[in-house]
Amino acid sequence: MPTRNLRRILSPKRVVVIGASQREGSVGNTVVRNLQKAGYAGEIVAVNRHYDLVEDVRCVDRVSDVEGAIDLAVICTPAKSAPGLVEECGEVGVRGVVILSAGFRETGEDGRELERRLLAVAKRYPNMRVIGPNSLGIISTHSGLNASFADTSPRRGHIALLTQSGALGTAMLDWAEKEGVGFSHFVSLGNLIDVTIADLIDFLAEDPHTESIVMYIESIADARSFMSAARAFARQKPIIAYKSGRFATTARAAALHTGAMVGIDAVYDAAFARAGVVRVEEFDDLIHCAELLAHHKPPRGARLAVVSNAGSAGVMVADAVLQKKCKLAEFSGDTTVELYNTQHDGDAALVSDVSGEGLRSSSDGKNPCEQLIENTPAHLLKNNDDSASRCAGVVNPVDLFGDATPRRYSRAVQAVLQDEGVDAAIVVLTPQALTDATGIADALVESARHVSKPILAVWMGGQRVRQGATRLAQAGIPVYDTPAKAVRAFSYLYRYSKNREVLQETPRTMPIEFHRDRAALRESFASLMLSESELLSESNSKALLEAYGIATTRPIVASCADEAVRYAQQVGFPVAVKVFSPDIVHKTEVGGVILNVADADGVRAAFDEIQKRCQTRRPDADFRGVTVQPMVVDPHGRELLIGARRDPVFGAVMLVGAGGVDAELLQDRSLELPPLNERLARRMLERLQCWPVLGEYRGRPPVDMDQLLSVLLRFSYLLADHPEIVELDVNPLLVTPERTIALDANIVIDLDMPNDGTTSPDRSPQFPHLAIRPYPDEYVRRCRLADGTQFVLRPIAPEDEPKWREMLATCSEESIRLRFRYLLQCSNHDLAARFCFTDYERELAIVAETHRDGKTEIAGVGRLVTDSNHEKAEFAVLVADPWQQRGLGSLLTDECLAICDGWGIRTVTAEVDPRNHRMLQMFAHRGFTRDLTDEDDILVSKQL
C-alpha cells in the first residue's frame, strides 16, 4: 500500500546511502553528516567500494551486501548510474528510494531518455516507492531523519513542507531556522516519476505530527488523485499552496468565447478552491502563512480587532482588512468600557467618574463611544480637553496613542480578544518618541499566554523595533514588518475556514429528471461526430443540449432566400437569421447575425446581406446558407454565457459569466470543475459581478433562479457524459423570470477521442476527462426484501444529510454505539457531513431508500472506505431500528461485497463490537474470519 510504504520511507529503521563519500562538501558526505546531526536512531549503512568507513559509518561495496531489510536507500551518484542502482534496490527488496541525482528531463532530450529508462525500471518493482529524481531529499523531524543535502536541519514542528523546487525548499528551511518555525516533514519532490503529491498528502493525513501542509507547486500530473487527496485532507486540516507559472500560455488556440476566457492559471484557482486548498499570491505569503500556522489554528471567522499606537497605522490595517474581504470587529459594551479605561489608565478621576453600567444597559441605539461622551462629566472633559478625541479610539481600530505603555497594550489586547465578537487581533507598533518597542513586545508575549485566539504583530520600523520583533518571534507570535503582510496571512487562513465550510455545505435537493440512457445518448452523439468536422453545427449542438433538458431555439437551415422565407413563416415572425458555415465560429465577427427580422422581405434582405458580408470578410469560408429561428425577446431578460473547455491538467472545466457579444471584453466569469450540485452552482453565480442584476433590479423582477440552477446542473451532467467535448459555448443564455433558454450554441469536439458508447462499473477507466468523479449512478438499482418491501439501493449524496439525520433519530442508543463506538450526535452538521459528503474516488456509502406513509426515508446504510491504492476496503453497516431483523443488513452487505469485487478489492475488513452477535453471525456466514479480538472490538476480514 502506498501510504504504508511511505511510512517506512519517512520513518525507516535502516537507511542506506549509495554514493556516500569522505569528500567534504559532496552530496554523499553531506547526507551522511545530516543523518548523524539530526540524531537518527536507526542504522546507517554507506555504499561505496572505495571506503571502509564514511564518517565512522561502515561501508559496503554494493547494496546486495547489506544484511537484512532496507527501508530507505538514498542515491547520491551521477544520473547515468541511477537506473542500474534502482534495479539493484528492487532486486534486494528495498522499500523506498530517494534519488538526489540531477541530470534528467530538466537537462534536455538525453535527460528525458534517461528518465524514461529510470521509470521503466521502477515500474518493475511496484512494492518499491521512488521519490525524485532531482530531489533535495527528505526530512522527518520526529523520526530524527534528515536524508537530504540541505544546509540546515529544521526543528520539530507540525507543518509539512512539500516542494517541487529544491532551491526554494532550502530557502524555506533557512527562513524557518531564523524564525524558530519547525516542520514535521520536508519532502523535495523532484521530477515525480513515482511518488506523487497526492501520495504524500494521503500519508500526511494519517501522520499524527502533521497539522497543516504548505506546498510549492509547479505542475500537477494526476489531477484526480490530487483533488481526492487534497479534499480529504482539507476537511480536517489546512493546505496552503503557492503555484508558480501564473501566466503560462495554453498549447492550443481557443476557438470559442469560453476558450478565450479560461486560462491555465484560472483553472488552478478553481481546482484549488474546490479542493479546499488556499492559494497564496506571493512566495513570501507562503512563509507568512507557515509562520501563522506554526502557532495558531485557523480562525473561526474574519472579525479582526486592530490595536495600534498610531491612528494612521490603524487605518492602514483597516484598509487592508476591508480590501481582503475580512471584517473589522464590532466591540461589545463591556469591551468598549474596558478599552476606554485602558486609554485613560492612570487618570483615576476620569475613570472613576465614567459609569460603565449605563453603557451596558443602554437601549437607545447609541454606540458605546457616544454613550461614553455623554456619560463623561463636563468638568472632566474641560480639564482633559483631549478626552473626547481619545474616546474615538474606542472604536475599531483602537488607537492607544503615541504614549502607549506596555501595560496599556497588554490590557487592550486582552480586552479585545476576550470579546465574543472578535476572532483575532492584529497589534501594530510604530516607534515613536515614548515607545518602548521591546517592553511592549514582552507585554504582548505575556498577554498571549492568557488567550487562545490568534495574535498577529506588526512591528513597523527598523533598528528600534528589531529586538522586540525578535522577542515576539521567539515566543511564537507571528510578526510582520507591514500591515499588508499580516492581513494577507490572516485572510488566507480565514479563506481556508470558508473553503472548509463549502466542502461540507449541504446542497438543496433539486430533482433533475430527463432521459439519461447514457449508451443511447453517446450512440447518437457518435453519429454526429462521424458526419461533421470538429465544429458541430448550431443545430446539432442544440440537439445535444435539448437531450439534457436545456431549452433552445432550434434553428432551421435554409440554403437559399426562398427557403429562409418559407421557414420564417413556419416559425412565426419576428425571427433571427444567422450565417450557416462550418468554417465560421463567431458569427457576429463577420456580421453573420441579423435579429428581429419582421417580414418576408426582411428575411430575403437578411439572407443577401449575410452572404455579401461573408464573401467580403471571410471569402475562404464555405457559405452554406443561413439558419432561421424564432426571435426570443424579453424586456426582463438577462444574457449570460455558459461554457466548457478541456484543460490539459484538470480535464473538463465549466464556466458561467456575463454573456452577449462583449463577453470576452467584460471577463466577468466564474469557473468550476464538474460535477456540480445546487450549492456549487449557486456559488458560481454569486461570484459574478453581474450577480446582483439577476435579482430584483431597477424595477425588473428577479430571474427564475431554480430554473437557471437546473440548467447549470444539466450542463454539468452533459460534460460528465461526453469526454469528446473540447469546447462548448452557449452564448447568449437568456435568463428571464419565467424561463432559461439557449439562443446560440457551438461545440468543438475531439475526433480522435474513442467513443464506443460503453460504460463500466469499475473505477479506473471511467470519466478520464474529469478531475472529480461524479455521482456513480451505475450503482442505482431497485430490489425488494423477502417480505415484499421495495427499496432503491443507491450511493449516498450530500443532499441526503437531512434524511441521514432522520434515520439516526430512529436508532436506539445501543444501535448507534454498536455502529459508531460512541453516542453520536445526529444534530451535528460537521459530523453528518463526514458521512454524507463522500469522495466517490475512495469511499462509497450505499443507502437503502424506501417510501413509507407518503414519505421517502433511508432505512439503512452500508459503507466502504478504501485505501489509496484500492486494494483494501473497510466495511460497516447500519440499519435503523424499525427495519432490523428483516434481512436489510444482509442485503446491504452483499451489495457492498459485490461492488468490492467489481473494484478489484483484495481484502475487506470490518470492526465488530463483541456484543453484536447478529452481525458476527452474518459475517461468519459470508466467509469472514476473525483476525483480532480484544475486549472492545473483533476484527473480521474476507479475501476476495
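An account of the accompanying structure is given in this report. (Residues numbered from 1 in each chain as written. Predicted model: local features only at pLDDT ≥ 70, side-chain atom pairs only at ≥ 80, totals over all residues. Heavy atoms only, no water.)

### Focus: the pairing of strand β34 (residues 855-866)
1) Next: The element β34 is largely enclosed, with a buried count of nine among its 12 residues.
2) Next: Pairing geometry for strand β33 (residues 843-852) and β34, over 10 bridges, is antiparallel. Within β34, the residue paired with Arg-852 across the bridge is Lys-855.
3) Next: Here β33 folds back onto β34, and the loop between the two strands holds two residues, one of which, Asp-853, carries a positive phi near 55°.
4) Next: Across seven bridges, the pairing between β34 and strand β35 (residues 872-879) is antiparallel. From the neighbouring strand, Val-861 faces β35, where its bridge partner is Leu-878. (Buried < 20%, exposed > 50% of the residue type's maximum accessible area, 1.4 Å probe, protein only. Helix = DSSP H or I, 4+ residues; strand = E, 2+ residues; numbered from the N terminus. Pairing = 2+ DSSP bridges.)

### Description of the sheet that holds strand β3 (residues 53-54)
1) Next: Pairing is mixed across the open sheet formed by seven strands, whose spatial order is β3-β4-β2-β1-β5-β6-β7. Because the sheet does not close on itself, it has two edges, and the strands there are β3 and β7 (129-131).
2) Next: Across five bridges, the pairing between strand β1 (residues 14-18) and strand β2 (residues 43-47) is parallel. Each bridged residue has a counterpart across the sheet, and for Val-17 the counterpart in β2 is Ala-46.
3) Next: Along the sheet, helix α2 (residues 27-37) makes contact with β1, β2, β3, β4 (57-60) and β5 (72-75), crossing β1 at roughly 160°. (Contact = heavy atoms within 4.5 Å. Axes fitted to C-alpha atoms, helices over the stretch in contact; angles between N-to-C directions.)

### Description of the pattern of salt bridges
1) Next: As enumerated under the stated definition, the model contains 56 salt bridges in all.
2) Next: For Glu-672, the salt bridge identified is with Arg-274, shortest N-O distance 3.1 Å. Of this pair, Glu-672 sits in strand β27 (residues 669-672) while Arg-274 is found in helix α9 (residues 264-275), placing the two residues 398 residues apart along the sequence. In this pair, the class of Glu-672 matches that of Arg-274, namely buried.
3) Next: Taking the shortest distance from any N to any O, the salt bridge between Asp-403 and Arg-408 comes out at 2.8 Å.
4) Next: Of the residues examined, Arg-408 reaches a relative accessible area of 7% and is grouped as buried.
5) Next: Among the ionic contacts, a cluster of salt bridges with common partners joins Glu-538, Lys-542, Lys-578, Lys-587 and Asp-744. (Salt bridge = Lys/Arg side-chain N within 4 Å of Asp/Glu carboxyl O.)

### What about the packing of helix α30 (residues 801-809) against helix α32 (residues 829-836)?
In a packed pair of helices, the relevant descriptors are the angle between the two axes and the axis-to-axis distance.
1) Next: Following both chains from N to C, one finds α30 and α32 inclined at 105°, their axes separated by 10 Å at the closest point. Judged by the angle between their axes, α30 and α32 are roughly perpendicular. Taken together, the residues of α32 that come into contact with α30 (itself represented by Glu-801, Trp-804 and Arg-805) are His-829, Ala-832, Phe-835 and Cys-836.
2) Next: Looking at the contact of α30 with α32 residue by residue, the classes come out as four nonpolar, one polar and two charged. (Parallel < 35°, antiparallel > 145°, perpendicular 65-115°, else oblique. Nonpolar A, V, L, I, M, F, W, Y, C, P; charged D, E, K, R; others polar.)

So far we have only geometry, and geometry alone does not tell us how the molecule works.
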